[in-house]
Amino acid sequence: IAEQGHVHAVPTRLAPIAQMKRSGFAAEDVGISNFSTLQCFCAHHDKTLFAPLEDVALTFTREQLTLLHYRALAAEVYIRGNAEDAATNEARKYLSSDPQREPFYEAFWIHSLAAIAAEENLKRTENMIYLSKYDEIRAAIIRFDATPVLLSVCAFRPLYDVIGVKLQNFSEEAAYIGMHVLTVDKMPAVVFTWLKGQKPSQRFAKSFCLQPYRQLTTLAVQTAFEYAEYTCMRREWWMSITKGWRTLLLNRIEMANRAASVSDEDFLSFEFPLDDWKCRGIDFVK
């Protein structure tokens, strides 16, 4: 989806995110090498580990799905660790009795719990890769018939499903779900991945897939903007949607960057569809 070596995205680095929290969130052109590189792995291990994803056709074998899930979880661990450190550094600027310290301490606590939960899921997935046993991976694969305009990767803890039904409490064992917006045979696909036995993740994916086909594109884009730090799009597509939609999606990013934000019953906004990539079908890997 790159144009002249750039994609359109909200910057993912900590410094611009901190700046945008004061001035407002905005998308801009970002070089693909800067945007697409996850800092979780060195180049050697990245190439070796993800060769079954990068060097062969994407057919969604269990190994490929496990590696997709692992990559998303690794990014989540990295993001939460950075957020935890950033909150700690800000909190240290204030005395313990200063009320201005409280939001940063709360952010540290929330990101710390998320990092622990993500690391536990990452270790479980890593063990599957080490043993070359992929029977614990579960997935929902949604295929579309359109020109790709958006790519995304993330892992998140679904607190609610897509229609606002409560799924889990973060104080309990936190189930993670991976979301991947990618291309297969030059067509868009949305893939959800989770681990065997994680019912909240399974219920989130099923609630998503149960929505009418014509609404799945809008829901996929909203979900990516709500949860995925690594979401980029074709600039021409971004500028073609209405200013109201751009504002709505940027507001979702801003809310997601607040320490204690959660989705609610207004998660779905189908009165005015954003786009329709023409869903061709949905497959489940059980």
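Residues numbered from 1 in each chain as written. Predicted model: local features only at pLDDT ≥ 70, side-chain atom pairs only at ≥ 80, totals over all residues. Heavy atoms only, no water.

Explain the overall build of the chain here, please?
Within the chain, the regular secondary structure consists of 10 helices and eight strands. Counting all 286 residues of the chain, 47% fall into the buried class. In the chain, of all internal contacts separated by at least 6 residues, the share reaching a separation of at least 24 is 72%. When the accessible area of the chain is evaluated, it comes to approximately 14600 Å², of which 51% is carbon and sulfur surface. (Helix = DSSP H or I, 4+ residues; strand = E, 2+ residues; numbered from the N terminus. Buried < 20%, exposed > 50% of the residue type's maximum accessible area, 1.4 Å probe, protein only. Contact = heavy atoms within 4.5 Å. Areas by Shrake-Rupley, 256 points an atom, 1.4 Å probe, with all protein chains shown as cover.)

Is there a simple way to think about the nonpolar core in this case?
Side chains that are nonpolar tend, in soluble globular proteins, to be buried together. Residues Ile142, Leu150, Met179, Phe192, Trp237 and Trp238 are the most contacted members of the largest nonpolar core, which totals 40 residues. Listed by contribution, the elements that provide at least two residues to this core are strand 3 (137–144), strand 4 (150–156), strand 5 (177–184), strand 6 (187–195), helix 7 (199–209), helix 8 (216–227), helix 9 (235–240) and helix 10 (243–256). In this structure, Phe50, Ala114, Val191 and Tyr230 belong to the second largest nonpolar core, which totals 38 residues. (Core = buried A, V, L, I, M, F, W, Y, C linked by side-chain atoms within 4.5 Å.)

Whenever I open this one, the side chain of Thr125 confuses me. Can you help?
Here Thr125 lies in helix 6 (residues 102–131). A relative accessible area of 0% places Thr125 in the buried class. Non-local contacts of Thr125, meaning those with residues more than four positions away in its chain, are made with Thr66, His69, Tyr70, Leu73 and Leu195.

I keep staring at the pattern of salt bridges and nothing clicks. Help me out?
Opposite charge on two side chains allows them to pair when their charged atoms are near. If you walk through the whole model with that rule in mind, you get five salt bridges. Across the pair Asp29 and Arg235 runs a salt bridge, and its minimum N-O distance is 3.8 Å. Remark: Arg235 occurs in helix 9 and Asp29 occurs in strand 2 (residues 28–31); sequence separation between them is 206 residues. Looking at Arg235, the relative accessible area reads 40%, which means it is partly exposed. Note that Asp283 is salt-bridged to Arg143, the shortest N-O span being 3.8 Å. Highlighted residues: Asp283 in strand 8 (residues 279–285) and Arg143 in strand 3, separated in sequence by 140 residues. Judged by relative accessible area, which is 40%, Asp283 ranks as partly exposed. (Salt bridge = Lys/Arg side-chain N within 4 Å of Asp/Glu carboxyl O.)

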